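For reference, the chains in residue letters:
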Amino acid sequence: GDVRLLGPADVRRLAEELGVRPTKKLGQNFVHDPNTVRRIVAGANLTADDVALEIGPGLGSLTLALLDACRAVVAVEIDPVLASRLERTAAEQAPGLAERLTVLPADGMRVTAADFPQPPTALVANLPYNVSVPVVLHLLAELPSLRHGLVMVQSEVADRLAARPGSKVYGVPSVKAAWYADVRRAGPVPRAVFWPIPNVDSALVSFVRRDAPSTVDREAVFSLVDAAFAQRRKTLRAALAGWAGSAALAERYLVAAGVDPSTRGEQLDVADFARIAQARTSG
Ligand code: SAM
């Protein structure tokens, strides 16, 4: 397409022009490798009908490639200095495609469906790492229009989000993400593609939304999941005593849900948790 992606010299020039001093607090590590950007966009399975949502566009490395791959892009950036430069970068680097871009200077943790000119269908983002899990869960909850996505996160977080029951790293993020979507790890990303170079490894995670596994209220299931993993080495009978009111009640709900009270939460999938929450709701 007629898009010039940002290379190392462009990232340096833009950062200098804006006086950007990347902060850890905002997870500011900017991609300066066009091949990585192409790989992310290719892995996101975008179609010309997709409206992409990017959280944290930064200097626009990924944004530019997204403009060429879908109908529209909404970029949500919390740093006002970065947000204010983005439209001009699109006009300079992707003339003819720039009108596809909407920039929202906002916190990705707080956006709701009403903030969007059109409903976003795909999340594609190199996420700020300290808030990547809450951002993904927030967006899946708030934006039912989001059907699929590919995000870059810290490698350990990618493992956790995509973990299956029985795995060592299976936990609260795994179960909650599975409520909304089929989640898969989609490969590592080398540290050298970022400026500044981060001190953690990165990986891609892809997801495709699925039907909710249960009609039970989501928040009821999520508070059960929080309780089950708060004491993950205990049996469920013990770990859920506080949540249920007593160990005897916990045992009753577990048995009603067809779950062995002496197992641990790490063995259960999201449908099991939903049945336990349902058992409590039904008394
Ligand atoms: N996408 C760009 C890239 O690949 O070069 C930048 C990625 S950088 C890892 C994360 C970006 O998210 C930064 O631009 C940062 O300012 C922004 N950010 C941090 N917290 C945010 C939040 N809560 N909402 C929206 N953007 C945020």
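Each remark here, short or long, concerns the structure printed above.
All of these numbers come straight from a predicted model, not from anything done at the bench.

1. Thoughts on the site of the ligand
- If you check the shell around the ligand, you find 23 residues, and the closest are Val31, Gly56, Glu77, Asp107 and Asn126.
- Backbone polar atom of glycine 108 to a nitrogen atom of the ligand: 2.8 Å apart, as the coordinates give it.
- In this structure, an oxygen atom belonging to the ligand sits 2.8 Å away from a side-chain N or O atom of asparagine 126.
- Isolated, the ligand exposes 600 Å² of accessible area, and the fraction of that covered by the protein chains is 98%.
- More than half of the atoms belonging to the ligand lie within 2 Å of the grid points that define the largest pocket.
- Secondary-structure elements contributing two or more residues to the shell around the ligand are β1 (30–31) and β2 (51–55).
- Here the residues of the shell around the ligand sort into 11 nonpolar, 8 polar and 4 charged.

2. Considerations on the packing of aromatic side chains
- Across all of its chains, the model carries 6 aromatic pairs by this definition.
- Considering the side-chain rings of tyrosine 170 and phenylalanine 229, the 6.0 Å spacing of their centres and the 70 degrees angle between planes classify their relative orientation as edge-to-face. Of this pair, tyrosine 170 sits in the loop between α6 (155–162) and α7 (172–180) while phenylalanine 229 sits in helix α8 (residues 218–230), placing them 59 residues apart in sequence.
- Classification of phenylalanine 229 by relative accessible area gives buried; the value is 10%.
- Plain terms: the ring middles of phenylalanine 229 and phenylalanine 273 are 6.0 Å apart, the flat faces sit at 45 degrees to each other, and that makes the pair tilted. Pair noted here: phenylalanine 229 is in helix α8 and phenylalanine 273 is in helix α12 (residues 270–281), with a separation of 44 residues, a long-range link.
- Residue phenylalanine 273 is classed as buried on the basis of its relative accessible area, which comes to 0%.
- An aromatic cluster of three or more residues is present, and its members are Tyr170, Phe229 and Phe273.
- The residue whose ring lies beneath arginine 280 is tryptophan 243, and the NZ or CZ to ring-centre distance is 4.8 Å.

3. Comments concerning unusual backbone geometry
- At the junction of tryptophan 195 and proline 196, the peptide bond is cis and its omega measures out at -10 degrees in the coordinates.
- A positive phi angle is found at asparagine 45, which is not glycine, with a value near 50 degrees.
- One can find asparagine 45 in the loop between α2 (34–43) and β2.
- Asparagine 45 sits in the exposed class, given a relative accessible area of 58%.

4. A closer look at the packing of helix α1 (residues 8–18) against helix α4 (residues 80–93)
- Contact geometry for α1 and α4: axes closest at 11 Å, N-to-C directions at 135 degrees. Considering the angle they form, α1 stands oblique to α4. Relative to α4, α1 is oriented so that their crossing is right-handed. Judged by residue contacts, Arg13, Leu14, Glu17 and Leu18 of α1 engage Val81, Leu82, Arg85, Arg88, Thr89 and Gln93 from α4.
- In terms of residue class, the contact of α1 with α4 is built from 4 nonpolar, 2 polar and 4 charged.

What counts as what
Residues numbered from 1 in each chain as written. Predicted model: local features only at pLDDT ≥ 70, side-chain atom pairs only at ≥ 80, totals over all residues. Heavy atoms only, no water. Near = heavy atom within 4 Å. Polar contact = N/O pair within 3.5 Å; in protein donor to acceptor, adjacent residues only side chain to side chain. Areas by Shrake-Rupley, 256 points an atom, 1.4 Å probe, with all protein chains shown as cover. 1 Å grid on protein atoms, 1.4 Å probe; cavity = no way out; pocket = protein on both sides within 12 Å on 5 of 7 lines; lining within 4 Å. Sits in = over half its atoms within 2 Å of the grid points. Helix = DSSP H or I, 4+ residues; strand = E, 2+ residues; numbered from the N terminus. Nonpolar A, V, L, I, M, F, W, Y, C, P; charged D, E, K, R; others polar. Phe/Tyr/Trp six-rings, centres within 6.5 Å; stacked < 30°, edge-to-face > 60°. Buried < 20%, exposed > 50% of the residue type's maximum accessible area, 1.4 Å probe, protein only. Lys NZ or Arg CZ within 6 Å of the ring centre and 35° of its normal. Axes fitted to C-alpha atoms, helices over the stretch in contact; angles between N-to-C directions. Parallel < 35°, antiparallel > 145°, perpendicular 65-115°, else oblique. Left-handed = near helix turned anticlockwise from the far one by under 90°. Contact = heavy atoms within 4.5 Å.

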